[in-house]
Structure formats: structure tokens, C-alpha cells
2 protein chains.
Amino acid sequence: MSRVRRVASFLIKRLLLGRPLRSGQPRTALLPKRLALPVFASDPLSSVAYATQEMLLVLSVGGLSLLYLTPWLACAVILLMTVVVISYRQVVRAYPEGGGSYQVVSTNLGPSTGLAVGAALLVDYVLTVAVSVASGVANIVSAVPALHGYRVGLAVALVAALTLVNLRGVRESGRAFAAPTYLFVGGILLMCVTGLIRWALGHAPTAESAQYSLVQTAPDAGLAGAALVMLVLRAFSSGCTALTGVEAISNGVPAFREPKSRNAATTLAAMAALAISMFAGITVLAMIARVHVAADSCDLAGFPDCRNTPQLTVIAQLAAAVFGADGLGFFYIQAVTALVLILAANTAFNGFPPLASLLARRRYLPRQFSTRGDRLVFSNGIVLLAAAAGVLLWAFDASVSALIHLYILGVFTSFTLSQAGMVRHWNHRLDQERDPATRKRQHAARAVNALGAVVTGGVLVVVLITKFTQGAWLTVLAALALWTVMKSIHRHYAAVTEELAVDGRKAHLEELRLTHAVIPVANLDAPTLRSLAYAEALRPDAIQAVTVAVDHDEAQALNDEWGHSGLAIPLQTLASPYREITRPLVGYVRKLSSPHGVIAVLLPQFMTGRWWEQMLHNRSTLWLQLRLAFVPGVMVVTVPWHLASAAHHTPHRTAYAPGAVRRGHNVISSSPDTR
Amino acid sequence: MSRVRRVASFLIKRLLLGRPLRSGQPRTALLPKRLALPVFASDPLSSVAYATQEMLLVLSVGGLSLLYLTPWLACAVILLMTVVVISYRQVVRAYPEGGGSYQVVSTNLGPSTGLAVGAALLVDYVLTVAVSVASGVANIVSAVPALHGYRVGLAVALVAALTLVNLRGVRESGRAFAAPTYLFVGGILLMCVTGLIRWALGHAPTAESAQYSLVQTAPDAGLAGAALVMLVLRAFSSGCTALTGVEAISNGVPAFREPKSRNAATTLAAMAALAISMFAGITVLAMIARVHVAADSCDLAGFPDCRNTPQLTVIAQLAAAVFGADGLGFFYIQAVTALVLILAANTAFNGFPPLASLLARRRYLPRQFSTRGDRLVFSNGIVLLAAAAGVLLWAFDASVSALIHLYILGVFTSFTLSQAGMVRHWNHRLDQERDPATRKRQHAARAVNALGAVVTGGVLVVVLITKFTQGAWLTVLAALALWTVMKSIHRHYAAVTEELAVDGRKAHLEELRLTHAVIPVANLDAPTLRSLAYAEALRPDAIQAVTVAVDHDEAQALNDEWGHSGLAIPLQTLASPYREITRPLVGYVRKLSSPHGVIAVLLPQFMTGRWWEQMLHNRSTLWLQLRLAFVPGVMVVTVPWHLASAAHHTPHRTAYAPGAVRRGHNVISSSPDTR
């Protein structure tokens, strides 16, 4: 790479990411509850922006009559959330050092099951980014329909922006998160209360979509039996997306102020109260305002210009119904909803890289994920997460309804397994505990976690069955593949460590002799002379310059030139009847090898200025190097040579190219022991 | 790569391509005229299979009335061919050593113009393969309509088969070519004569398509003025495809028996006579049988099931009309037509690789194109040609009508420039010639070539104008790009040669000292010990083992272990506050460098058994090696280490991994001059 370009890329990197940070520079202060809530809960709170909508959407397929099931499904989701939150309050108390599901399951159910949770969580973090950003974009488009055609571009740009922010490393994130989250919660609750008051006063708000009826999309209107059950359960599964992100608080216990566990448990409860209020409020209001949603605006009979007009999100429809479609209230709700959804995506950026780093430190992922970059963040994890989410958004056209089916499978896998792990944890504690009061508390805690495990396990099965063919198979496949890959990487690293281990207290160095230095020669040129000079500096027993005679005339010409050069080292010619270069040379070197001898093969490495020029050089060298690696006792010595064309790009060429053959004061020399 | 896999891939290669051939094994014998004609003329002869058809197709766009212009256009094409063949007879006489257009133009009009011809010809060879194979497939599909849906696959498979045959190297090609070509010529002429006799007897053969009228596809039926002229000229351009491949004979003069030039000139004349007869015969017969062609079978009113039924080629329509659609004659004509078209594609395989090799030897293309492979053929050129043609066939859906517009631009560029070059050639000869009789002959030859240059130049302009927007811009762009790339490569190679040149008679070797051997250490493991042993074998003034402290605790642990190891070489620790590995090491090495000192940096290179394992190793090593190449006076020494997992795949591991630290008889040693 040229120096100019390196400097430019360095400047761009610094401009975007800021100056590098020294190891050990102070990190974020501990969070009080009022800041911890928005930092850790923006994901579960924001998911009310799509949970109701996707539930309604699935029910709509079955026709208007099914919409009356909505309150019952909402109640089921709320009940489920209560159970999960109570369970996680136990986790927070039991693991004040941050009881991420991966940790809890690894400790209690063994590393393989833990790894399954790890794989599920990694996949789910990707989906959190994709779904949250897609939903954020949908809410932006609801407010500014002109952006409808740029959905995917907008989504990818948002992911890119999040990536940059996270690569810089956000230090003041607490405060930055607080305002939008509270403004969102306040706005949604205000909207719900206003709507309910208007309804109580007899002026019920009505969504614009209430006037359009649903175009029946199911093949036969009257769904019955298994199909009906399936549809209702699928709607329930979609509603369960309201639960995503609950475990973020349990991961983040160490960031809380003392008493950490108690504060975290309180924050969990507060989060649950807010999430449940908002979810219930939005669902009730959607029923009152008779919101109609469909997968495509063309599924609504009478919808104007269904091809080019985006459908509004449920939040947007409600805000328009309550505050008026041109009112300040409408734009306020849309703005804070979009903002909080993007913050929710950001929580995945806070979750994925440390988990990947932990897995890498435990040797389940390549080492590169374990190291912090310039700005003390796990750069590789951030980039991988962003890339995966970007591809998903692009592949699924930034559609929430499409992406939602891939989601929550991982969440419920980790819910179920971590609750099961907690049951194991309490069993273990009960075995050691004698104090009756403590034992009673532990018994109660175990019951709570067992209930949580059974309930979330049941939901996991429901989600798996109802969503599998809708796209969840992709999630299962991805998590399985990831699990297998991580297993293989772990096995590989373990085998290598064992293989390379030496007993440090009895380290031996074998006494070896450099018997030969071999210099393959194609032309008698400056790099060859430098290689010869370097070879002499190594003081081997013998120096062998060899050329491969692919073309008889050329080889003869080189031999003649060599003979007239006055070089003391003779040139040997290897026959190559099949016009190969590598094979005769490797064979030659192999014949020279001896048990306690080492052979150095010197190969020129040309450094070029332009990328395409690189393709014109070093081809045979690379191949030769690979082949020589299989010959015992051979070290390959690369002798760099900077081509002058590279100098056009590297201003300080003199500093780089060591006196391109420092002439004048040199004499022809040759090592006396050259054969 | 594992040994098992290497052996397997070797066996597959040998099975497909045969055993390697020694340099200098006997090549093809010289060709008598009766074999030279089919070998070199299958391309121009086979092009009658599509020339008439594509001419009719273009005229059809203007409506039925325009079809009556066909005989006039055919006459123009025949006249043009006569002029070109007479011109090339001069070339053959003037360049008995094989007057390829590239040679003629380079010699007479300078290397840059020659290179333009080279680029045009390379592009045209690709199109020869694409068009010939596409037309061959169209004739196969005409006989076996069931293959209609597999056109592209069939075309690509044929290209692959040609590639394999050519990679094997066809030695008996003369005889293999003779039969199909003569059977084709005989069949076509017989068909024309039979058809004409039936017409003379009043039983004119009638094509099945005569019953379907053309669906008017031009926007307004009555074309007039410029648009009409354009259409007619475009039809003429399409007809000119009959001329492709004429220059093959002039390239092949050295392969003729003595007297080479005369035999080649005679063969050229014979080829022209046959091509003109067939072209005229097919065109006349097509008029008599009222053949209708259209770009798509749906453009023919009344054509049955136009979506799924392929249109027949003109050859197929005529054969069906003359011999009956189920007759043996029909299938015979289709079979030999397809066969001869595929042989025509093969002539490009004989032309492209030697031209690429010539350009590579003159340093316009990467060296790899100049060398012959196992089987003495220019393998890289063959593969490149096949890949390019395959991509074109795939991109253009193996449609002759689409590909034809890209074609012949290169042919006419080379015609025009080589005739112009010949004029220059005669001028030069006239300057030196005094004998009046010879001068007179040279004057006449110059006149012929001048006429050829003017006529083909005119056609070139016509082709360029009428075909540019139809796709020929792609050809122009490709040839221009190729020309620019070849120019750049040439400049680069020339600069490098000049830069690396040394005066062989005054070759100096600088006297250098190996001052330091630097061993970057991450762990105290077996590869580190091997690197230390190798470093001692190099006998440098000092050995420096250094570690970079990315993590303070890890660095401390390594230092403790090293201290207890009893190794005489001390370990130095480099601080890395920004968690970088490369920069501190490169800085350290840079500080050690001295004007007449060389530094060896020893890096382990891990060889793994499975491809994905490679990604888990050598990452930082590769980066370090690249950066160290910029430090003056540094040689990078790679110390191969075969991971045991590689041994699962390499049966002879013991032969490859040099005594993975041969323990037992070793003593701890350290070079006395270690600081």
C-alpha cells in the first residue's frame, strides 16, 4: 500500500472514529436506576411499537371476526411478560456479577448447552437490529411518505450510522438514552390516556383505515379447526415480540449502583410496568379506533393508490386518530418512536460484541473477536453484527412483517434454558443450605424459575411450530450452523494448544546448522544480487544459485551472462522437461535436506505501487513458498524489493528501499566455503 | 492442501487432460491443401449458416417488401468477400512466415496500432466462440425441439467440452476436421442444387414459415429516408458475418506444405469459391422457399404456440423444405451444420491462445499467458477464452441474433488495418526495388491492398454506425479497455526491467552482516522454540526474543514462564498502550537497522489441514510481514509448522514435519554473542 493512501485512510479513520484510546482509560460511571432503565430497557419498551401491529396483522388474515380475539391474546402476552420478569428478578439476585443467559446456562447446564444459548443469542442480536431498524424506518415513512421508495437504503444507512457511533465507543450513552426513552414512554402513555378519555366522553378516536375493509387473503373465508388454532397461535407468537430484550437488564447488573441486585430487580419491575401499560394501552386503543392493518396496502379495499402509498404503522394510525394527522402530536409520536427503536437496535450493539468477545476468549470464536480496537470497543464484533443485520434488511426489503417471523426464537430459547439453568442452580444451593428460612426462600425461587421455564418452554414450542415455515427455519439453521462452527473452532484451538505445548521448565533448543542457502534465479538482476548478498550474510555452509531451464535458449543465455559476471557463486541449471518451475526446485531443495541441517531458500518479494501491478509479480514465488513449507527443515526467506513504480506513491522511498544496491564502495565478495 | 486431496485432484486432471508432455515432443505434421482447407476454413465456411439468416432477420423488421432487397445485399457481400480474399492472397505471399494481422500491422504501422488489432482480434475470438456455439445450438434445437429450454446449458457445456479437448491438445486435428467440413459443404451444396432443380421443374420447395406472415414490429409500417437506409445497411452488416475467419489461413501459412505461400493462396481461393457458392445458394433458395424469420417466433402471425416452440434456423427450414421435415436429409444437414459450427468455435481456440502468448512474450499480457502447460498448449489463454465466451453466452441467453451485433467489428478493424499495413509494406518495398518487372507487380499488389483497405474501411464505418447502439458499443469498450490494460502492463514491465537491470560484467555483491535475528513471541510453545533454534543456526550478532504486551497480565505470565525456562536468550517486552501488535514490533525492528546490517525476523507459518482452519491462524503474521517489507534491510524468515490436524489429511506427516522438536538428544544452547 502506498504511503499517501495509508495516510489518507488513517486520517479518514481518525475523523470518523476519533483518536485511539490508551488501555485503562476510565470507563463509564455506574448508573443510577433512572439512567439504567432507558439504557437497558429501550429494546423491550420499544417493542410495543410493533408487537400489537404484528399480532393484528396475523389475525387480519383470518378476517375481521378474529380481531375480537385481540384482547385475549394481549392478556396472554401480558401474563407471560409478568412470569418472565419475575423469573429474571431471581436471576438478577442470584448473579450480581451479571447473569447473562450464556453464563447462567454454561454454569448450570454445561458448556454445550451454554453454547447453544450463545448461538441463539448472537442470531437474535442480529435480528434485534434488523427488526428495530425496519420498524423505525416504517415509522419514519409513516410520517414522511415521500421516503417510501428509499426504505432499504434508509435502513442500511441507519445501521451504518449505528456502526460508526459504536466503533467510536459511546461513553455518555446513559444520558443520550434517557431523554428519547422517557419522551417515548410519556408520549405513548399520553396518547393512550387522551384516546381513552375521548372514548369515555363519547368522542372515540377513529383510525383512517377503519373506513377500508380488509380484502380477504386467506383461500377460504371461514377458517376452522387446526388452521384457525394455528393462526391464533401465530398471532400470539407475533405478540410475544413485546418480550424481547428483557434479559438486557440481567446482563447489565454490574453497571448498576449499589445495591446492584436490588436496584436491577426494581428497574426490571419498573420496566415491566411501563411495557405492560403501553402494550395494553396501544392494544385497547387500536380496538377502539378500529385500526385495520394488512401485509400490503393493496389488501385494504378502497385504499388509495395502493401500489405507491405506504401503509401507516399502528402507532402512526393511533397518533393520527388521537392528535390529528397534521398535528404536532402526530409528528412528536413518530419522531420519538423512530428514535427509541433505533436506540433499541443500539442495545444489540452493546450486547453482541461483548458476548462474541467472551466466546472468543473461551476459544469458540476466532481470536480477533476478543480484542478491543483503537477505541477500546470490540470492533470486529460490531462490524460483523452490522454486516449481518444489513444483509438481512436488504434481503427482506426492510419489512418488519417478514423479519418478525425470524425473531424471538432465540429469545425464547435463551429464556427457557436460562430458567431451567436457574432451577439447577437452586437445586445445587439447596443441597448445601441448612438454614430453614433460607431454604424456604430458595424453594420459592426455584418454583418461580420452574414456572418460568415451563411457560417460556411452552411458548418456544408454539413459536417454533407456528413460525417455522414462515421463515423461522432460517433462524434455526443459522443458530445450528453457528453452534457447529463454534464447536469446531473450539476443538481446533484446543488441539493446537495441546500440540504446541512445551514444558516451560525444560525448554530445549535443538542445535542446528544452516547447511545451504538456495537462491532460485530467473534473471541476473538487482534483486538476485541482493538475494546473494543476503545469503552471504547468513553465512551458510554453501550457497546454491539455481535456475530452472523451462526454455533451453533462455537458460543458456543466463548461464553465459552469469559466467561473464565474475560472481564467485556458480549457477546450477535444473532441467524441466515438463516446463514446471516449482517441482524441480522443491525436488532439488528436498535432496539437500539433512537431519540436523536447516536450508534457507531466498525468494524476492516485489512490492508494487498499484494494486493491479501486484498481480503481475510474485505468482510463482507464492506457489513455491507454499510447496517449500512441506519440505522438512526449510525456512523461506523473503527479500523485499520495492519497485520504482511504487516510489511514485511512497514519498519517502529512500527510507524504505535499502540503497537499491549500494554501489561504489562494494567489492565482489563470496563466502569462502561456497561449493 | 492435504495430500489426499492433492493426489485426487492430480488424478482427475490426468484423467481429463492426459499425461504431461515433454518439451520438444513432435508436433503436427505439415498439412496438404485438402486438410488445410477444413482446418483453417471451418469458420468462414460455417458462417454461411447464420449470415443469410441474420440478414433476412434485420430486413424483416422493415416488412415483407424489403425482403426483395436480399439478392442485392447478398451480391454486395459476395463482392466484398472477393475483394478481401484477393487482398489476403497478397498478404499470404508477402508473409510466408504467417502474416497474422497483428504481425503485419505491428511491423508496418507501429506497435500501438498493432496492439489495437491485437485487442480487436482477442475480443473477436471470444465472439467467434460465442456466435458459432450459439448458432450450433440453434441448429441442434431446430432438429430436437425438446432441447429448447436447455439452450444456454447446452452452449456452456459445448464450450466446456471444447476447452477440455484443447487443454489436452489436439494433435490429429487435421483429419478430425476434414470429414465434418467436407460433409457440411457437400450437404449444403447438394441441398441447394436439389432445391434449384425442383424449382426449375416447377416444384419449388416451400418453407413451412411461408404460411405465417410477419407481425410488423417496427413502430410505423412505412419506413422511409434515413431509417430505411439504416435498416438496409444494418442487414448488410449482418450479412458480412460471412467474412469472419478469412484471415485464419493467412495466420496458418507455416503449417502448409511447400510451396507454402502458393498453396495457402490456392486454398484461400478455394475457400472463397466454396463460401460464395454456399452463401449464394442458401440466399437464393431462401427467396424461392419464401423463408420467414423473426427475432421471436411470436413475431410470426399464426405460428403455433409461439412461447414454447423454437423457431427453426434458415438452414433447418430449407433442409425441411427440400428433404422433408422428417427425412434423413434434414437430420443430416442439421447434424453436419452443428458439427461444423462447433469446429468453427474450435478455430478460435487455435487462434486466441497463440496470439495471447505472442502478446505476453512481447510483455503486453501477464507472463502466465506465454508459457505452455502440461500438454504443451497455452492453457491460460484457453481457459480465459472459454470463460469469456461462456459468460457472453450466459449473458446473452445463447441468442445468435443478440450476439451477432457485437461481432465482426473486430474482424473489419483488423481487415482494414492489415490492408493499410500492406500498402505501407509495398511502399517500403517499392523504395528499395529497382527491377521494373518486380516494381510493376508490387504496384499492382499495392493497388489491390489499397482497394481492400478502402472497401473494408468503408464497411467498418457502416458496421460501427449501424451496430453501435445494438450492442457493438460493448465490443468497442471491451477492445479499448483491453488495449489500455495491455499498454499499462507493457509500460510496467518495461519500467521494471529497466529498474532491475544490472551490468552483468560488473556484478557487485555488497558485504552485509546479519546483525540481529528478531523472534516475536506470543507464547512459549514448540514453534517458538523452533524459531529460536533456527535463529541460532543463522548465527547473527544478536538474537532478540520480543513480546508485545497487549494485555498486561498475560505479558507478565509469559515473562515469568520464560524466566523459569532456562532459555539463555532473554525476552524483551514491548509496551502497546493502544493494543496494537504490528506497530510496536515494526518500530522496534526499525530501530535495530543499520546501513550495512541485515535483520532477520522469524515468523511461524502454521499449515493447517482444513481450509477454514487457515483463517484461524497467520492473520497477524501476514500483516506483520507486509509491514516489515517496508523496513530497510529486513528479511522475513518464515518457519513452517504443520499443525497435527493437518496430519489427519497428510498421510506422510513424519516426512513433512521435521521432528516436531526432536527431543532427547538436545541440550539447551545459546549463541555466545547473544546480548
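None of these values were measured; they are calculated from a predicted model.

Participant: Requested: an account of the overall build of chain A, with residues and values cited.
Facilitator: Within chain A, the regular secondary structure consists of 25 helices and 7 strands. Taking all 675 residues of chain A together, the buried fraction comes to 55%. Working note: accessible area of chain A is about 28100 Å², and carbon and sulfur atoms make up 64% of it.

Participant: Outline the sheet that holds strand β3 (residues 513-520) of chain B, listing residues and values.
Facilitator: Spatially, 10 strands are ordered β5(A)-β4(A)-β3(A)-β6(A)-β7(A)-β7(B)-β6(B)-β3(B)-β4(B)-β5(B) in an open sheet, and the strand pairing comes out mixed. Where the open sheet ends on each side, the last strands, each with one partner, are β5 (571-575) of chain A together with β5 (571-575) of chain B. Along the sheet, successive strands turn relative to each other by an average axial angle of 30°, direction set aside. As paired elements, strand β4 (residues 542-549) of chain A and β5(A) share 5 bridges and run parallel to each other. When the bridges of β5(A) are listed, Ala549(A) appears paired with Ala575(A).

Participant: Go over the pairing of strand β4 (residues 542-549) of chain B, please, and point to the residues and values.
Facilitator: All names here are of chain B. Of all the 8 residues making up β4, 8 are buried; the element is thus mostly covered by neighbouring parts of the structure. Burial along β4 is two-sided: Ala542, Gln544, Val546 and Val548 and Ile543, Ala545, Thr547 and Ala549, pointing in opposite directions, are all buried. Where β3 meets β4, 5 bridges bridge the pair, whose relative direction is parallel. Bridging across to β4, Pro520 finds its partner in Val546.

Participant: Can you explain a nonpolar patch on the surface? Please cite residues and give values.
Facilitator: Residues and elements named next belong to chain B. Together, Val461, Leu464, Ile465, Phe468, Trp473 and Leu477 make up a nonpolar patch on the protein surface, roughly 560 Å² of accessible area in all. Elements that contribute at least two residues to the nonpolar patch include exactly α17 (436-467) and α18 (472-500). The element contributing the most residues to the nonpolar patch is α17, with 3 residues. For Leu477, the position within the fold is in helix α18.

Participant: Explain the nonpolar core to me, and be specific about the residues and the numbers.
Facilitator: Among the nonpolar cores identified, the biggest contains 143 residues, and Val133(B) and Met271(B) are the most heavily contacted of them. Top contributing element to this core by residue count: helix α6 (residues 111-143) of chain B, with 17 residues. Apart from residues lying up to four places away in sequence, Val133(B) is in contact with Ala155(B), Leu158(B), Val159(B), Leu162(B), Ala345(B) and Leu393(B). By size, the runner-up hydrophobic cluster in this structure holds 141 residues, among which are Met81(A), Val117(A), Val152(A) and Val185(A).

Participant: Would you mind going over the pattern of salt bridges in detail, with residue names and values included?
Facilitator: Any two side chains of opposite charge can pair, given that their charged atoms come close. A complete count under the given rule lists 6 salt bridges over all chains for this structure. In this structure, Glu580(A) and Arg583(A) form a salt bridge, with 3.2 Å as the shortest nitrogen-oxygen distance.

Participant: Now, about the pairing of strand β6 (residues 597-607) of chain A: what can you tell me, with residues and values included?
Facilitator: Residues and elements named next belong to chain A. For β6, a buried count of 10 out of 11 residues is recorded, marking the element as mostly surrounded by other parts of the structure. Here β6 runs beside strand β7 (residues 634-642); their pairing, made up of 9 bridges, is parallel. Its bridge partner being in β7, Gln605 is matched across the sheet by Pro640.

Participant: Report on the packing of aromatic side chains, specifying residues and quantitative values.
Facilitator: Inspection of the entire model under this criterion finds 8 aromatic pairs over all chains. Plain terms: the ring middles of Phe412(B) and Phe415(B) are 5.2 Å apart, the flat faces sit at 85° to each other, and that makes the pair edge-to-face. With a gap of 3 residues between them, Phe412(B) and Phe415(B) both fall in helix α16 (residues 409-432), about one helical turn apart. Accessibility expressed as a relative area gives 0% for Phe412(B), which makes it buried. You can call Phe415(B) buried: its relative accessible area is 1%. Clustering of aromatic rings is evident, with ring pairs tying together Tyr88(A), Phe412(A) and Phe415(A). Arg363(A) extends its terminal NZ or CZ atom over the ring of Tyr493(A), reaching a point 5.4 Å from the ring centre.

Participant: So what about the confidence of the model for chain A? Which residues, and what values?
Facilitator: All names here are of chain A. Overall, the prediction assigns chain A a mean pLDDT of 82, with 83% of residues at 70 or greater. Counting interchain partners and residues more than four positions distant, the pLDDT-below-50 stretch residues 646-675 has 71 contacts. This complex was scored by the predictor with a pTM of 0.69 and an ipTM of 0.71.

Participant: Mind laying out the side chain of Ser576(B), listing which residues take part and the relevant values?
Facilitator: All names here are of chain B. Mapped onto the elements, Ser576 comes out in the loop between β5 and α21 (582-592). With a relative accessible area of 6%, Ser576 lands in the buried category. In terms of polar contacts, Ser576 uses its side chain to reach the backbone carbonyl oxygen of Glu580, at 2.6 Å.

Participant: Provide a residue-level description of the packing of helix α9 (residues 225-239) of chain A against helix α17 (residues 436-467) of chain A, including the pertinent values.
Facilitator: Residue and element names in this part refer to chain A. Running from N to C, α9 and α17 point in directions that differ by 115°, and their axes come no closer than 9 Å. The two elements α9 and α17 cross, and the hand of that crossing is left-handed. Here α9 contributes Met230, Leu233, Arg234, Phe236, Ser237 and Ser238 to the contact with α17, which in turn contributes Val459, Val462, Val463, Ile465, Thr466 and Lys467. Within the contact of α9 with α17, the residues separate by chemical class into 7 nonpolar, 3 polar and 2 charged.

Participant: Residue-level account of the side chain of Ser46(A), with values.
Facilitator: All names here are of chain A. Within the secondary structure, Ser46 is located in helix α2 (residues 33-46). On the basis of relative accessible area, Ser46 is assigned to the buried category, the value being 0%. Engagement of the side chain of Ser46 in a polar contact is seen with the backbone oxygen of Asp43, the distance being 3.0 Å.

Participant: I'd love a proper account of helix α2 (residues 33-46) of chain B, names of residues and values included.
Facilitator: Residues and elements named next belong to chain B. For α2, which comprises 14 residues, the first-to-last C-alpha distance of 18 Å matches the rise-based estimate of 20 Å (1.5 Å per residue) to within 8%. The largest bend along α2 measures about 55° and falls at Phe40, with the proline Pro44 one to four residues further on. In terms of burial, α2 is a largely internal element, 12 of the 14 residues being buried. Burial in α2 covers these residues: Leu35, Ala36, Leu37, Pro38, Val39, Phe40, Ala41, Ser42, Asp43, Pro44, Leu45 and Ser46.

Participant: Any chance you could break down unusual backbone geometry for me, citing the residues and the numbers?
Facilitator: The step from Glu258(A) to Pro259(A) runs through a cis peptide bond, and the omega angle for that step is -10°. Tracing the sequence through the fold places Pro259(A) in the loop between α10 (247-251) and α11 (260-288). Even without being a glycine, Arg290(B) presents a positive backbone phi close to 50°. Despite not being glycine, Arg539(B) has its phi angle at roughly 50°, a positive value. Looking at where Arg539(B) falls in the secondary structure, it is placed in the loop between α19 (526-537) and β4.

Participant: Give me α6(B): which residues, what numbers.
Facilitator: Relative to the 48 Å expected for 33 residues at 1.5 Å per residue, α6(B) spans 47 Å between its end C-alpha atoms, a close match to the ideal helical length. Most of α6(B) is tucked away: 27 of the 33 residues are buried.

Participant: Pulling in residues and values, what's your account of the environment of Val636(A)?
Facilitator: Structurally, the position occupied by Val636(A) is in strand β7. Note on Val636(A): relative accessible area 1%, which makes it buried. The residues touching Val636(A), leaving out its near neighbours within four places in the chain, are Val601(A), Leu603(A), Gln625(A), Leu628(A), Val636(B), Val637(B) and Thr638(B).

Participant: Explain the environment of Gly324(A) to me, and be specific about the residues and the numbers.
Facilitator: Residues and elements named next belong to chain A. Following the sequence through the fold, Gly324 ends up in the loop between α12 (314-323) and α13 (328-361). Looking at Gly324, the relative accessible area reads 27%, which means it is partly exposed. Sequence-distant contacts of Gly324, that is, excluding residues within four places in its chain, are made with Ala319 and Phe330.

Participant: How would you summarise the environment of Ala320(B) if you had to cite specific residues and measurements?
Facilitator: All names here are of chain B. Looking at the secondary structure, you find Ala320 in helix α12 (residues 314-323). Judged by relative accessible area, Ala320 falls into the buried class, the value being 17%. Between the C-alpha atom of Ala320 and that of Ala207, which follows or precedes it by 113 residues, the distance is 7.3 Å. Residues contacting Ala320, with those up to four places away along its chain left out, are Ala325 and Phe330.

Participant: I'd love a proper account of the packing of helix α4 (residues 70-94) of chain B against α16(B), names of residues and values included.
Facilitator: Residue and element names in this part refer to chain B. Where α4 contacts α16, the two axes come as close as 11 Å, and the packing angle between them is 50°. On the basis of the axis angle, α4 is oblique to α16. The handedness of the crossing between α4 and α16 comes out as left-handed. Contact with α4, carried on its side by Leu80, Val84, Ser87, Tyr88, Gln90, Val91 and Ala94, involves Phe412, Ser414, Phe415, Ser418, Gln419, Met422, His425 and Trp426 of α16 and no other residues of that element. In the contact of α4 with α16, the residues fall into 9 nonpolar, 6 polar and no charged.

Basis of the calculations
- Residue numbers here run from 1 along each chain, matching the order of that chain's written sequence.
- Here every chain gets a letter starting at A, and every ligand a number starting at 1, in the order they are written.
- It should be noted that, the model being predicted, local features are given only for residues of pLDDT at least 70 and side-chain atom pairs only at 80 or more, the latter also being counted only at that level, while totals for whole chains, interfaces and linings use all residues.
- Side-chain numbers here rest on the full set of heavy atoms in the structure, without hydrogens or water.
- A helix here means a DSSP run of H or I that spans at least four residues, while a strand means a run of E at least two residues long, and both kinds are numbered starting from the N terminus.
- Summary of the burial criterion: residues with accessible area below 20% of their type's maximum are buried, those above 50% are exposed, and those between are partly exposed, where the area comes from a 1.4 Å probe applied to protein chains only.
- Methods summary: accessible areas were calculated by the Shrake-Rupley approach with a probe of 1.4 Å, and residue burial reflects only the protein chains presented.
- In short, DSSP must find at least two bridges between two strands for them to pair.
- Under this scheme, a helix contributes an axis fitted over its contacting stretch, all axes are lines through C-alpha atoms, and angles between N-to-C directions fall in the 0 to 180 degree range.
- Patches in this entry comprise residues that are over 30% relatively accessible and not in a salt bridge; like charges within 9 Å are linked, as are nonpolar side chains (Val, Leu, Ile, Met, Phe, Trp, Tyr) within 5 Å.
- By salt bridge we mean one thing: a side-chain nitrogen of Lys or Arg within 4 Å of a carboxyl oxygen of Asp or Glu.
- In these notes, a set of buried Ala, Val, Leu, Ile, Met, Phe, Trp, Tyr and Cys residues joined through side-chain atoms within 4.5 Å is what counts as a nonpolar core.
- Note on contacts: a residue pair is in contact if any heavy atoms of the two residues lie within 4.5 Å.
- Two rings from Phe, Tyr or Trp (for Trp, the six-membered ring) form a pair when their centres are within 6.5 Å of each other. A pair whose planes differ by under 30 degrees is stacked, one over 60 is edge-to-face, and the rest are tilted.
- Here, a charge over a ring is recorded when the distance from Lys NZ or Arg CZ to the ring centre is within 6 Å and its angle to the ring normal is within 35 degrees.
- Scored between 0 and 100, pLDDT is the confidence that the predictor attaches to each residue.
- Definition of a polar contact: a pair of N or O atoms within 3.5 Å, with one able to donate and the other able to accept a hydrogen when the atoms are protein atoms, and with sequence-neighbouring residues admitted only if both atoms are side-chain atoms.
- Left-handed describes a crossing whose near helix is turned anticlockwise from the far helix by less than a right angle; the clockwise case is right-handed.
- Gly is placed with the polar residues, together with every amino acid not listed as nonpolar (Ala, Val, Leu, Ile, Met, Phe, Trp, Tyr, Cys and Pro) or charged (Asp, Glu, Lys and Arg).
- Expected helix span is taken as 1.5 Å per residue step, with the number of steps being one fewer than the number of residues.
- The seven residues ending at a residue and the seven starting there each receive a fitted axis; the angle between those axes is the bend at that residue.
- Small angles under 35 degrees read as roughly parallel and large ones over 145 as roughly antiparallel, with 65 to 115 read as roughly perpendicular and the rest as oblique.

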